[in-house]
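Report on the structure
Each chain, letter by letter, is given below.
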Amino acid sequence: MAFYEVNQLALWATEPSSAPSKGRVLLIHGMSEHSARHLETEKALLDLNFSVVRFDLRGAGQSGGRRQWVRSFDDYIEDVSTVYRWICREREPKPLYLFGHSLGGAIGLSFLEYYQKAFQGCILSAPAYLLGGAINPLVVAIGRQLVKVAPTLRIPATSNKSAISKDPSAVQAFLEDPLCCHTTTLNLGKAVLEQLPKLPNIISKIELPLLFVHGSNDQIVRLEGSYELLKQARSKNKSLSIIPGGYHEPHHDIEKEEYLNSMRLWLMRQSSFEV
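The notes below deal with the structure included here. (Residues numbered from 1 in each chain as written. Predicted model: local features only at pLDDT ≥ 70, side-chain atom pairs only at ≥ 80, totals over all residues. Heavy atoms only, no water.)

Concerning the side chain of serine 262
Topologically, serine 262 is positioned in helix α9 (residues 256-273). Here serine 262 falls in the buried class, since its relative accessible area comes to 13%. At 2.6 Å, the side chain of serine 262 and the backbone oxygen of tyrosine 259 are in polar contact. Leave out the neighbours within four places in its chain, and serine 262 touches Leu211, Val213 and Ser241. (Helix = DSSP H or I, 4+ residues; strand = E, 2+ residues; numbered from the N terminus. Buried < 20%, exposed > 50% of the residue type's maximum accessible area, 1.4 Å probe, protein only. Polar contact = N/O pair within 3.5 Å; in protein donor to acceptor, adjacent residues only side chain to side chain. Contact = heavy atoms within 4.5 Å.)

Here we look at the sheet that holds strand β6 (residues 121-125)
The eight strands lie next to each other as β1-β2-β4-β3-β5-β6-β9-β10, forming an open sheet whose pairing is mixed. Each of the sheet's edge strands pairs with one partner strand only, and the pair in question is β1 (2-6) and β10 (238-243). Ignoring strand direction, the axes of neighbouring strands in this sheet form an average angle of 20°. Bridging between strand β3 (residues 23-28) and strand β4 (residues 50-55) involves six bridges; their strand directions are parallel. Residue pairing across strands places glycine 23 opposite phenylalanine 50, the latter belonging to β4. In the packing of helix α1 (residues 39-47) onto the sheet, the strands contacted are β2 (9-14), β3, β4 and β5 (96-101), and the crossing angle to β4 comes to about 155°. Against the sheet, helix α3 (residues 103-115) makes contact with β3, β5 and β6, and its axis sits at roughly 140° relative to β5, the strand it touches most. (Pairing = 2+ DSSP bridges. Axes fitted to C-alpha atoms, helices over the stretch in contact; angles between N-to-C directions.)

Some words on the packing of helix α2 (residues 74-90) against α3
Running from amino to carboxyl end, α2 crosses α3 at an angle of 65°, the nearest separation of the two axes being 9 Å. Between α2 and α3, the angle falls in the class roughly perpendicular. Every pair of crossing elements has a handedness; the one defined by α2 and α3 is right-handed. In this structure, α2 contributes Tyr76, Ile77, Val80, Ser81, Tyr84 and Arg85 to the contact, and α3 contributes Leu103, Ile107, Ser110, Phe111 and Tyr115. (Parallel < 35°, antiparallel > 145°, perpendicular 65-115°, else oblique. Left-handed = near helix turned anticlockwise from the far one by under 90°.)

Thoughts on the side chain of serine 110
By the element assignment, serine 110 lies in helix α3. For serine 110, the side chain forms a polar contact with the main-chain oxygen of alanine 106, separated by 2.8 Å. Among all residues touching serine 110, those that are not within four sequence positions of it are Phe73, Ile77, Gln195, Leu199 and Ile202.

Focus on a nonpolar patch on the surface
A contiguous nonpolar patch, built from Leu138, Ile142, Leu146, Val149 and Leu153 and spanning about 460 Å² of accessible area, is present on the exposed surface. Within the secondary structure, leucine 153 is located in the loop between α4 (137-146) and β7 (154-156). (Patch = residues over 30% accessible without salt bridge, like charges linked within 9 Å, V, L, I, M, F, W, Y side chains within 5 Å. Areas by Shrake-Rupley, 256 points an atom, 1.4 Å probe, with all protein chains shown as cover. Salt bridge = Lys/Arg side-chain N within 4 Å of Asp/Glu carboxyl O.)

Let's talk about the pattern of salt bridges
For the structure on display, the rule yields 17 salt bridges. We note a salt bridge from glutamate 42 to arginine 54, for which the minimum N-O separation is 2.9 Å. Taken together, the residues glutamate 42 in helix α1 and arginine 54 in strand β4 connect sequence positions 12 residues apart. Each of the two residues, glutamate 42 as well as arginine 54, counts as buried. One connected set of salt bridges, linked through shared partners, spans Arg58, Arg71, Asp75 and Asp79.

Listed below in structure tokens is the structure:
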């Protein structure tokens, strides 16, 4: 694993050790977290002989910038564009895939609206679209009003953290992780809430092979949202893998292997189609 800093973004690039890489995955993490929380996913991809490039979004993890702050959602799209351009400059050309979890899924789709021709496919893990019951609607409603006068105001994150996993140790690890941020700025919330309703129109332009993976008991991002996005996607190669009983982070839950296997099988199928 090699570490780089690119325009204040902390970035890690890892190559498989057992055989030459047959493709590369660009991984985008979710809100309030950082990319190292997806090391199990990274390991599964490396074991399939896929290279992985992961990075921390601005204001998250080890990247620079004000914590949990963007001027607009375009800032996040620019972060992914920066990493994509780094890959083009610094890495040997390989079939390129995108992986996005939660907010990372929404960011990834928004990025692909402009860059889909550079990618072979996309995996969307519980992509943020329809918010679930674990998101406090009162805090959201108050935030919509306060942001008009105090966009930099920092408030506690709106989700119930126990909804990420049925494994109490995974929840505790998230809460105690010094690189996770459990407050957010009102302007970040505003930017995200304004972008999510645009996703059906965006995905209606996406022709790439798509895999949605979503826990059936996700209370942070509703499974119905993945159904809706799946139906709207222009792609003819699209599928939804539902993890029975899964919460928002099946990669940190008792269904982890089922979650990882769904991605393994999909990537194996996609890579077998490549010429």
